[in-house]
Amino acid sequence: MVSDQHNEHDASFIEFCDEEPVIAALEEPARWRILIVDDDESVHRSVAFALRDMLFLDRKLEFLDAYSAHEALGILRREPDIAAILLDVVMESEHAGLAVVKKIRDELGIADTRIILHTGQPGFAPEISAICDYDINDYRTKSELTRNHLCTCIAAALRAYRQIRRIDTSRHHLRRIIQTGSVSIGEVDEQKFYQGVLGLFAGLLDVATIGFVAVHRSQDPVGKADVSLGTSHYAQWVGHDLGQAGLADAAGVCLRAAQSGGMQWCALGAALKVSAQDGGYLLLFVEAQQSAAEWLDDTVIETFVGHLGSCLDNRLLLQRLNHDAHFDRLLGLPNRRYLSELLEARCTPRSEQALTLALIDIDDFGGFNEALGQAFGDALLKGLGARLRAGLPQVVTLARISADIFAVLGPNERVCPETLLPMFALPLSVLGEETMVSVSLGLTRLADVESEGGAAVLEAAFQALRAVKSQQRGQLGWYTPEMSRRTHERVTLLAGLRQALRSTGLFVVYQPQVALDDGRLIGLEALVRWRTEAGDFIGPDRFIPVAEQSGLICELGCFVLREALTVLTTLRESGLDAVRMAVNVSAVQFRDPDFLSELGDIIRSVGADSSKLELEITESVAMEDAAYVRASLDTIRQHGIQLAIDDFGTGYSSLAQLKQLSVDRLKIDRAFVKDLDEAAFEASIAGVIVQLGHKLGVEVIAEGVETLEQAALLRRMGCQEAQGYLFGRPMPLPDLLGWIRQHQAGRLH
Ligand code: C2E
Ligand code: MG
Ligand code: MG
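Note that this is a predicted model, so its numbers are computed, not measured.

A. Helix 8 (residues 248-260), seen in detail. With 13 residues, helix 8 extends 18 Å between its outermost C-alpha atoms, agreeing within 8% with the 18 Å of an ideal straight helix rising 1.5 Å per residue. Looking at the buried residues of helix 8, the elements they touch are strand 6 (211-216), strand 8 (263-265), strand 9 (269-275) and strand 10 (281-287). In the segment just after helix 8, glycine 261 is the residue with positive phi, at about 80 degrees.

In structure tokens:
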């Protein structure tokens, strides 16, 4: 609009320029916003008129008007995206304009908006330093501003503004790329990852996420890419090949991006190719107008693509690591960790668990490996894994959770002995050999497990398996809550026992052994006792097995040995030097590689007479074939230490071995003494053991003798020695000393 009131000065100001517009208009884009600050109303109209047809990069200009410094600042606070300010230096005061500039830059913190100063009075030109300090684009006197000049001046300011905005936007995007990119790599769920990536792309263009992601995997044929995620109306194409889906232009621009790389445009939107190092790539498409990329610098797009590419690579790496962490390399089956996580996820809430977990343990797998080699073992595992997988429905998870244990998790009716056992009925062909595989099965229903969590379920199945294996291999057994209670009890017992070993809770009692012919004291058996802090006694039958399982038996055994040998020396000092001391040695303790040296240390430190020490071992130890066990037994004998086989007759002894073994004594188990019958005593097991002892030239002692009749029968059989309540109960040392005094006095009278 041209005003009539334009003065002469203004006339030159609004001279029409006939220069070409900067860039021809194609469509109606957003406008460049210019703020005119001048207290002279006519200036506003002249500028607006002079620049009314001006286009810069396809955009028209839009004017905002302020007539005072105060008003200008108000507008700047409210209105965003003001590209340039045409500012009069002299308004209310001589330097009102400069004061506004200072406020814009310092107080409002607006740095990108360009400022062109002008003044009607050349004398009021601002200092050069002010122009530099306040980042002023241009300074003109009003007379200089012809229409041409004004256009050039505004175009330069807009160009500078655009440049600054692009740099700012780039910086902003780069920051966003770095922040959000790293979040999305770790996204396990593929759909969420694609959603995240597409969202980033839309964010870069500042448009809504309406589009899709097509994926070309490294192994796919050239050009194939499947739509893997679609938002809005693109969701219908998920699962289709990009080329086949009815995506028209969108598909075309994606394929162009696939061929040429980078960002490609069509009328509908933009496509971007993100390549991974393995040859695979993603094609991202979002609906947008090309002007959306106006602020985007090419380097930002390159950085974005590069960054997403490395996200993709890292993701593939993570997936591989994840796969390795969750799958068994040999069989490709899920591993223990996978199963644990699955159980953890399926374990709550308990009411929904109609599931069973079965553990399948190959009996004597180590034996197969040793006898036939590792390759055979591997082939056997593969064969068994394949048979199980083929025989189980897909709803059932099959995992290999340790070298020779498979786990099967599925609905109760699918995971049960009826479905599992037939799979082991037929031999398996392993490297051409027909091999019968025997397995032990431990099963648990998830609903039977009282403790929370997947680990508890796995432990329950293991308890069932251990229970089966401890009885007989090749069988199956179900978990019962009773097993957990027993385990819990064992754990509590073990903690208490450990504590007792360190305090005075454990002590040793001594039971006399006598000669059956004249009743003289010939020996003592050291038996350990545990009195808890609460004052209760716990029998060795309960705590010795727990000590053996935990290995604590070695420490415990050494304690008993030291105590017993100390008592032995005390007795020798009081003249009882013919008495021997029998100490029980558990199989676990005996097999401990440190046992012999510890035994030697204790004998030396106590100063005991080792020929008066007798070690009671079980038949299983005595009969063991292992070379080091035999060598240990020999060493013990060489040191003059006596050996007795405890509870003889309850285990399995080979007569041939027994002959070679040079033990000193067989101890008839008290069960056989209890059964002694006057009528048939010679044919009794006790009788057979006595005769065997005579044949082998070793002595025989009977334990658990409670009655005079038993003692008489044993003597008639030819049994030389006996131990039992009839003669004396196990006693602590002071009671024992009293017993010995009385016993000796009794024998004298
Ligand atoms: P064991 O070595 O066969 O010990 C004999 C068991 O028979 C002792 O039970 C003893 O108290 C009991 N006994 C002795 N005379 C009679 C009798 O006339 N009638 C009846 N009914 N029982 C009699 P205790 O002390 O309860 O020990 C049980 C088992 O615990 C022992 O059997 C032994 O295997 C183990 N044990 C005890 N102390 C130790 C130890 O210091 N080290 C190791 N490794 N095992 C020990
Ligand atoms: Mg014993
Ligand atoms: Mg015994």
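B. The arrangement of the pattern of salt bridges in detail. In this structure the tally under the stated criterion is 28 salt bridges. Between arginine 485 and glutamate 482 there is a salt bridge whose closest N-O contact spans 3.7 Å. Taken together, the residues span about one helical turn, with arginine 485 and glutamate 482 both in helix 15 (residues 481-502) at a distance of three residues. For arginine 580, the salt bridge identified is with glutamate 614, shortest N-O distance 3.8 Å. Placement of arginine 580 in strand 21 (residues 580-584) and of glutamate 614 in strand 22 (residues 613-617) is noted, with a sequence separation of 34 residues between them. Ionic contacts of the salt-bridge type, sharing partners, join the residues Arg580, Glu614, Arg665, Glu699 and Glu721 into one network.

C. Representation of the coordination of the magnesium ion (ligand 3). Note on the magnesium ion (ligand 3): its protein donors are Asp646 (OD), Asp647 (OD), Glu703 (OE) and Glu703 (OE). The metal-donor distances range over 1.9 to 2.7 Å. Every donor residue of the magnesium ion (ligand 3) comes from the same chain, spaced as D-D-x55-E. The distance between the magnesium ion (ligand 3) and the magnesium ion (ligand 2) comes to 4.0 Å, with aspartate 646 serving as a donor to both metals. Here aspartate 646 falls in the buried class, since its relative accessible area comes to 11%. Here aspartate 647 falls in the partly exposed class, since its relative accessible area comes to 28%.

D. Spotlight on the coordination of the magnesium ion (ligand 2). The magnesium ion (ligand 2) binds to the protein through Glu525 (OE), Asn584 (OD1), Glu616 (OE) and Asp646 (OD); the donor distances cover 2.0 to 2.3 Å. Each donor residue of the magnesium ion (ligand 2) belongs to the same chain, and together they define the spacing E-x58-N-x31-E-x29-D.

E. View of the sheet that holds strand 11 (residues 355-362). The strand order across the open sheet formed by five strands is 12-13-11-16-17, and the pairing between neighbours is mixed. Unpaired on one side and paired on the other, strand 12 (397-402) and strand 17 (476-478) mark the two borders of the sheet. On average, each strand axis in the sheet is inclined to that of its neighbour by 20 degrees, with strand direction left out of account. Sheet topology note: the strand 12/strand 13 (residues 405-411) ladder contains five bridges and is antiparallel. Considered in strand 13, the bridge of alanine 399 is made with alanine 407. Relative to the sheet, helix 12 (residues 374-391) contacts strand 11, strand 12 and strand 13, its axis offset from that of strand 12 by approximately 155 degrees.

Criteria and thresholds
- Residues numbered from 1 in each chain as written.
- Chains lettered and ligands numbered in written order.
- Predicted model: local features only at pLDDT ≥ 70, side-chain atom pairs only at ≥ 80, totals over all residues.
- Heavy atoms only, no water.
- Helix = DSSP H or I, 4+ residues; strand = E, 2+ residues; numbered from the N terminus.
- Expected span 1.5 Å × (residues − 1).
- Contact = heavy atoms within 4.5 Å.
- Salt bridge = Lys/Arg side-chain N within 4 Å of Asp/Glu carboxyl O.
- Donors = N, O, S within 2.8 Å, 3.2 Å for Na, K, Ca; no water.
- Buried < 20%, exposed > 50% of the residue type's maximum accessible area, 1.4 Å probe, protein only.
- Pairing = 2+ DSSP bridges.
- Axes fitted to C-alpha atoms, helices over the stretch in contact; angles between N-to-C directions.

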